[in-house]
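Coordinate analysis (summary)
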Amino acid sequence: MAKAAVVYWSGTGNTEKMAEGVRAGIEGAGAEVELFEVDSFSVDQIDGFDGLALGCPSMGAEELEEGSFEPFFAGAVDSGKLSGKPVVLFGSWGWGAGAWMETWKERTTDAGAKLVDTFIVENEPDDEGMEGCKNLGAALAGAL
């Protein structure tokens, strides 16, 4: 059975809630899934999964969270472990226009990942936002 990891960082709980929705979508589509806060997941663990769902909210000047998530993501890029791997990206934002996701998408594809899709919500995901998270998870499962 195909196996995916959902790896996320959340400051207020919004992205954590999204991660739960993505996890549910992957499971609902018939794939195995494990959920990790980024601090409990290492770059070396990437090899144990067929695909990744990565979640991080927009921080500061529309960038990834710099204390935990950015170092993890940079390590994944630098190690080459994203190359050829199906990946979806998700996160929440409270200001700006989503520029952090555009930059993140570019970095992901430049790392050789097979970017399946992305999904962002403003602030806390409502019912429609949670449905989008489940759909994102199902899309990843379909790409595994």
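Residues numbered from 1 in each chain as written. Predicted model: local features only at pLDDT ≥ 70, side-chain atom pairs only at ≥ 80, totals over all residues. Heavy atoms only, no water.

**Some details on the environment of G98**
The test is simple: A run of H or I in DSSP counts as a helix once it spans at least four residues, and a run of E counts as a strand once it spans at least two, with each numbered from the N terminus.
By secondary structure assignment, the location of G98 is in the loop between β4 (86–93) and α3 (99–110). Between the C-alpha atom of G98 and that of V121, which follows or precedes it by 23 residues, the distance is 9.2 Å.

**Description of the UniProt feature "domain: Flavodoxin-like" (unreviewed entry) in the protein chain**
Here is the rule: UniProt positions are given in the numbering used here, feature names are shortened, and annotations may be inferred rather than shown by experiment.
Here the UniProt-annotated "domain: Flavodoxin-like" (unreviewed entry) positions come out as residues 4–141. Counted over residues 4–141, helix gives 38% and strand 24%. Its end C-alpha atoms are 8 Å apart.

**Digging into the pattern of salt bridges**
Threshold: Think of a salt bridge as a Lys or Arg side-chain nitrogen and an Asp or Glu carboxyl oxygen that are within 4 Å of each other. The rule is simple: take the accessible area with a 1.4 Å probe, protein chains only, and divide by the maximum for that residue type; under 20% is buried, over 50% is exposed, in between is partly exposed.
Counted under the stated rule, the structure contains seven salt bridges. Notably, a salt bridge pairs K3 with E34, separated by 3.0 Å at the nearest N-O pair. Placement of the pair is K3 in strand β1 (residues 3–8) and E34 in strand β2 (residues 32–37), with a sequence separation of 31 residues. Take K3: its relative accessible area is 21%, and that puts it in the partly exposed class. Residue class for E34 comes out partly exposed when judged on its relative accessible area of 29%. Note that R23 and E20 form a salt bridge whose closest N and O atoms lie 3.1 Å from each other.

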